[in-house]
Amino acid sequence: MQKKENQEVENRPDNTAFTQQRLPAWQPILSAGIVIPLFVLVGLAFIGIGVALFVTSRNLHVLEMDYTGVEKTSPCFSCSDPIKQKNCKCSLSFELDKLFEGPVFFYYGLTNYFQNQRAYGVSKDYNQLSGDLDYFTFFFSIVPDSTCKPYRYDVNNKPIVPCGSLANSMFNDTFNLYQMKNGVKEEVPLDGKGISWWTDYNIKYRNPSVNPLRNAFNGTVKPLYWSKPAYELDPTDTANNGFINQDFLVWMRRSALPNFRKLYRRITDGLPAGNYSLEISYNYPVIAFDGKKKVAFSNVSWMGGKNEFLGIAYLVIGSLCLVMSVVMLIIYHWRNSSPDAN
Amino acid sequence: PTMNTCCAVLLEMGWKVKANDRAYHQLPEFQKKVFLCIKKSRYSGNAIKTYKYNALTFIPLNLYEQFKRVANVYFLALLILQIIPDITTLPWYTTLIPLVVVLGITAIKDLVDDLARHRMDKEINNRKTEVLLDGRFESAKWRDVQVGDVVRLKKNDFIPADILMLSSSNPNSLCYVETAELDGFDPLTLNCVGLTGLIECEEPNNRLDKFIGTMLWNRERYPLDLDNMLLRGCKIRNTDVCHGLVIFAGADTKIMKNGGKTRFKRTKIDELMNYMVYTIFALLVLVAAGLAIGHTFWYDQIGAKAWYLFDGKGYSASHRGFLSFWGYIIVLNTMVPISLYVSVEVIRLGQSKFINWDLQMYYADKDTPAKARTTTLNEQLGQIEYIFSDKTGTLTQNIMQFKKCTIAGRSYADLSARVFQPVDWSWNRYADKMFQFMDHSLVATVRSGKDKDAMEFFKLLSLCHTVMVDEDMVYQAASPDEGALVTAARNFGYVFLNRTQDTITIQEGDKENSYEMLALLDFNSDRKRMSIILRFPDGRIRLYCKGADTVIYERLSAESKHTKSTQTALDIFANETLRTLCLCYKDISAGEYEAWERRHKEAQVVLADRDAALDRVYEDIEKNLMLIGATAIEDKLQDGVPETIAKLAKADIKIWVLTGDKKETAENIGYSCSLLTDDMQIHYGEDVKSVPLTTRRVQPQSNRPGKRKPADPFFTQTGKNALIITGGWLNEILYEKKKKRRRLRLRRLGRRLPPSSPQDGQPMNDWEKEQRQVDFVDMACECEAVICCRVTPKQKANVVSLVKKYKKAVTLSIGDGANDVNMIKTADIGVGISGQEGMQAVMSSDYAFAQFRYLERLLLVHGRWSYIRMCKFLRFFFFKNFAFTLVHFWFSFFSGYSSQVNWFITLYNLCYSSLPVLLVGLLDQDVNDKLSLRFPKLYLPGQQGSLFNYKNFFISLFHGIFVSLIIFFIPYGAFLQTMGQDGEAPSDYQSFAVVTASSLIFIVNLQISLDTSYWTFVNCFAVLGSIAIYFGIMFDIHSAGIHVIFPAYFTFTGAASNALRQPYLWLTIVLTVGISLLPVICIQFLSKTIWPSVGDQVRSRREEKAPAFQRGRRSRRSGYAFSHSQGYADLISSGRSIRRKPTGRAGLQQSIREVPHAENI
């Protein structure tokens, strides 16, 4: 009999909270008591953040100058056709009427420049750039990576190192900044150390462990558009050459949008008021694709560089939240007090 | 004697089985060609093979199966596209990984299923049974059983094949075949050992309700039908030993023929979902084409001049556009979500499990849990508009109970006398212990022997009937009503003991009395009464009559007493929806009887119109009756039926009862199960017959059915209507048009065509026919309740398909028996009542449970939840994929229309966003089950399909567009010309990607949190877990270590750590998330405040009590208790067969029960 009873209930489902769908649960409702205070709080918080961002941004200085040289009046007009003018130099003068507090960051900027093009962006060989010598040689058309085409081999089938469009098109204008002190040009020291990401410098990009570095590049050619091979990018600092050259790293970190700035140098002490002259060695052609070249000086805060968008956006959204909380309050009251409300 | 019918069907009997002759079945004439020249016997062995794969074929076959699905082919095509170097925009792994995961999950599921089947097959094939071999019964494995073998089955054995029952009377191998004939019954005593009978029967088929065959033995043919068969899949109970002859084995058995070939049903949501996937695909093509054109122009204007982009391929701008089109198809493929179908399947499987697990749908008495036999229809349960229900066995238990009576004006067991202790029958050794009666005073009255009327009352009950009895005092009644009445009399001490052709013996008190039966005036539906004329032992002749009150009252003698009080009691009984019968008697003098007897004899031999002549003769004697009293029988409903029906009606579900019963019975049941209520206007089919033709004949030919403007209501009176129609009336509407028939024939060749003979002879053109059908459906659907009586199984199915066709409504059929199979298969959802004897209904059903009342829970709770969950899931799923994919779209405008990629695409659908939404699809409850049941109105959104339709789809689309805009343009604005806090430009592509991806993950997970109305710790865990997994994986992928190992694949080194340590970017993320979610909260709140839905109201008033359900007062109605079949009067009077029902057989019928499908095939 006992056995039979066991048999009788063998099909009985388990009585657990899960199988019976009775898991303990919290069933939140968007009630007026939650939503309206939420909006008020969010609104106030957003306005607070917005004000902070906005004020901070207001206190930042940005000095941006175009030196493309499209207009005839531009000092770099003469250089704007770099094919004709090799090693053309031009200089840009500007005046600061008050101290530009340091550290000041010195950027170059490009517009209408699509570093975010896919084919362009992937045109590099990560193995090569991480210093793997196997990728420095021609090996049955497998290395360097085929994405580097058409900057993979030169006409003699010698591998290009670093290969690919991205490296090939590296920005090669250089700048020197002078302060005019009583008619005397005094060079402002530009700090080029550590302007790239730490991870890029230390992990992602590595030079082959060959000493001297140039030996690693035996049997390779420099990128077609480059004037100097990779191991000679910085003549002043031998440690700043090869794939871990700071300017190279900055360039290789491609931008998200077609108008971008890239960090060029840091001016640690800031720029005192006065007249300045920026000497540009104008090499990089942009006129062909209607691009613009710019330089920018900016200081930064906890929130980064000057950008009022976020502050304003916060203010607008915060205010809208407050307005909506009032609207919702009114509607809620109207709804609850009107006689036909169900 | 009835050979004609058998011979008529002999032609289609191609199946020959010879008992005890294995070699016979290997004869060449029974060989069929299997493959090229290899021939095999057409008789399957009994080994079954339900598994699909073996070790070798698993991978190719399973892949083949899976690639039959369009979605998988689509992704395979994408994969191929990605291999083409000019086109590829995503690395091959972005598609391959999800595809492999999806295929893998499905394959694992299939593998597990198949392993289970392997195991099951093995276990079943190795089961033991006893087979007659070389004159002895020997134990054999099931797989070795062959057609023609005689097997011996013991109690609790599973039946190994479809076998012809040869029952055993004694252990020394003597068998008899019990034929179904009522007459001609004489057990053929055969020696099983020497049994050489040849059986000819129909070929194996899947019809569980049909079997025709003949048995040739000793040069005589004996007809066989389904009653002779024991089908594989059943279990022997209560019978110790029985024998059988294997007719169909293994794959030929009816249960195997039934398996797997079920008609594929799809849900509305399925269809909608497919259309939406097509819509998305079209959108995808459009978007890709637009972007390709953009790319063409961009290349023309900018790209061609940008020397730095030179790729040395020299393609023209338009060629590049063309390539970028395919590239975008690949990149944006996440719009067509690969994981959608798999996720939907997982959710449905979960819902089905929940149904199986539901304790509140578990019937403890029979140990039957609810069972979702298909896992693809769950959300359809939330959209039911019409329920078609069988009556007997579904609404009612088919148990009649003698509840009350009124004797000589005094009512017994009235509700006012509230006695809760049933009468103790221990004084009566014949008493049926199951019989319950509440009024002790009646027993006392009867036992005291003082009340002549009461004694007469029960004497009548024990004499005036057509019940037959066997040795064990088991009554065989033509209708359960009669059985109930005779049983009642038996309990009260008037025990019907025996009957012969012309005597009836009863036990009255202590003495046995035999009454000579002079005439039996049997019941038919016109007479609505039956009478018996008896000669008492003391020589008196008396007529006893019982019948419907309407016919009896017309025939009462003027002196009859108690007519008023009895009438009152009858009204009370009828109000309680009891089936009533009036009992009366009449003393007849010998002379009067003889005169009548002569007329009766004459009438019996009249050739023309004998029945009418007999009726007239009966009429002569059945008058001037003296009323004794009335009985009230309860047609016992299944538990909770009225409440369930009332609930379902409140949920705007129309319930149609389709029954083979007659009109009055059905109507009575309609009232008792509160399908019909007093505030309803009841229309009868015959009365409204003319309406469709007269008022609505003038319909322009051009109007197609289904597209017509909403017709004027048929019933002009306001208020509820109910319609009661009969099968005959339906026939006029239902028989199919010629053209359609032809189409039908083409479509399902080989199926039996419906009998089609216009009976009224009116020439009808197709249009008119169709118009009639439309009219009928329109009219019927205006009614709250429809009862169709006297309908055949075919008609049941036709009614269902009519409603499906013209109303485009979701229908559900529920039934328990073989006659409901058609209807169950036709409806969108078929529900079988399990735990009954038959298994046909369950076998063809989609859901099975033991009690009708579980339907309420199935629909209002599980159906509703499933629907809401599925809708929520789909809406959200589309939204999240739009939001995700369209960010690419916006980015394209700023990246020269070139498409971008990272690992994120691969993992987004798999890891970061799928779990919480899957859990919502599985667990979400907007209101709990109690409230769902208490407020049936909550069911309405499902019927209207208002939670998921094109409107919702486009809302999801726009929501996705909105969010993707925010996700792209807020970071865009924030990034435009800015610098990081340490002066480095953060506006690089990788930081941008990290910010947008993080925003997206936050938004998607918080949005699902907003949509989750039932927060369990699992949900919490999933949401937090998804975000955590996202950051975990991101930091992993962006870590130094992985880059060092795979420098070419993981190139985002340091992006996450660089980007996410900048407060500015966090503020950007916060703003993005805020702007995306706040408007949603605001809109939800406002719409809930201004246009609150029922669900919202219920949720906000969770605590309040629902008003108690009120039942309307019932009006006066009368019912009577004869059920549909004629009694055994013919048999009794002809004397052909006062036979003993063989016990083995009867026992078996009751003892076969369905065992879960998987266990026993």
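Residues numbered from 1 in each chain as written. Chains lettered and ligands numbered in written order. Predicted model: local features only at pLDDT ≥ 70, side-chain atom pairs only at ≥ 80, totals over all residues. Heavy atoms only, no water.

Colleague: Outline the pairing of strand S1 (residues 15-18) of chain B, supporting the account with residue identities and numerical values.
Modeller: Residue and element names in this part refer to chain B. Across the two faces of S1 the burial differs, with Trp15 and Val17 buried and Lys16 and Lys18 not buried at all. When S1 meets strand S10 (residues 198-201), the two strands line up antiparallel, connected through four bridges. Across the sheet, Trp15 pairs through a bridge with Cys201, a residue of S10. (Buried < 20%, exposed > 50% of the residue type's maximum accessible area, 1.4 Å probe, protein only. Helix = DSSP H or I, 4+ residues; strand = E, 2+ residues; numbered from the N terminus. Pairing = 2+ DSSP bridges.)

Colleague: Give a description of the pattern of salt bridges that names residues and reports values.
Modeller: Within this structure, the stated rule accounts for 43 salt bridges over all chains. Residue A:Asp200 pairs with A:Arg253 through a salt bridge whose shortest N-O separation is 2.7 Å. Here A:Arg253 lies in the loop between helix H8 (246-252) and strand S7 (260-267) and A:Asp200 lies in helix H6 (residues 198-204), a separation of 53 residues in the sequence. A salt bridge links B:Glu379 to B:Arg348; the shortest N-O distance between them is 2.6 Å. Taken together, the positions of B:Glu379 in the loop between strand S16 (371-372) and strand S17 (386-390) and B:Arg348 in helix H8 (residues 339-357) put the pair 31 residues apart, joining distant regions of the chain. The same class applies to B:Glu379 and to B:Arg348, which are both buried. Members of the salt-bridge network, linked through shared partners, are B:Arg529, B:Glu554, B:Arg555, B:Glu619 and B:Glu622. (Salt bridge = Lys/Arg side-chain N within 4 Å of Asp/Glu carboxyl O.)

Colleague: Describe the sheet that holds strand S25 (residues 529-535) of chain B, naming the residues involved and giving the relevant values.
Modeller: Residue and element names in this part refer to chain B. One open sheet holds the nine strands; their spatial order is S19-S18-S28-S27-S26-S25-S24-S23-S22, and the pairing between them is antiparallel. If you trace the sheet from one side to the other, it starts and ends with strand S19 (410-412) and strand S22 (494-499), each paired once. Within the sheet, the average angular offset between the axes of one strand and its neighbour, ignoring direction, is 30 degrees. In the sheet, S22 pairs with strand S23 (residues 503-508) via five bridges, with the strands oriented antiparallel. Bridge assignment links Asn498 to a residue of S23, and that residue is Thr505. (Axes fitted to C-alpha atoms, helices over the stretch in contact; angles between N-to-C directions.)

Colleague: Give a detailed account of the confidence of the model for chain A, specifying residues and quantitative values.
Modeller: All names here are of chain A. For chain A, the mean per-residue pLDDT works out to 83, and 93% of the residues sit at or above 70. Here helix H1 (residues 2-8) stands out as the least confident element of chain A, with mean pLDDT 46; helix H2 (residues 32-58) is the most confident, with 91. In the model, residues 1-6 has pLDDT below 50 throughout and makes zero contacts with residues more than four positions away in sequence or in other chains. (pLDDT = per-residue confidence, 0-100. Contact = heavy atoms within 4.5 Å.)

Colleague: Residues and numbers for a nonpolar patch on the surface, please.
Modeller: A cluster of nonpolar residues, B:Trp92, B:Val1044, B:Ile1045, B:Phe1046 and B:Tyr1049, forms a patch on the protein surface that exposes about 560 Å² of accessible area. With relative accessibility at 46%, the residue B:Trp92 sits in the partly exposed group. (Patch = residues over 30% accessible without salt bridge, like charges linked within 9 Å, V, L, I, M, F, W, Y side chains within 5 Å. Areas by Shrake-Rupley, 256 points an atom, 1.4 Å probe, with all protein chains shown as cover.)

Colleague: Quick rundown of the side chain of B:Ser1026? Include the residues and the values.
Modeller: Position of B:Ser1026 relative to the elements: it lies in helix H33 (residues 1017-1037). Setting aside residues no more than four positions away along its own chain, B:Ser1026 makes contact with B:Cys911, B:Tyr912, B:Leu915, B:Pro916, B:Asn1005 and B:Phe1021.

Colleague: Could you give an account of the state of the cysteines, with specific residues and numbers?
Modeller: Chemically, a disulfide is nothing more than a covalent bond linking the sulfur atoms of two cysteines. Residues and elements named next belong to chain A. In this structure the tally under the stated criterion is two disulfides over all chains. Between the sulfur atoms of Cys76 and its disulfide mate Cys90 the distance is 2.0 Å. One disulfide, between Cys76 and Cys90, carries an S-S torsion of 80 degrees and so falls in the right-handed class. One end of the pair, Cys76, is in the loop between strand S2 (62-66) and strand S3 (88-96); the other, Cys90, is in strand S3, and 14 residues separate them in sequence. Both residues of the pair, Cys76 and Cys90, count as buried. Here Cys148 is linked by a disulfide to Cys163, with a sulfur-sulfur distance of 1.9 Å. (Disulfide = S-S within 2.5 Å.)

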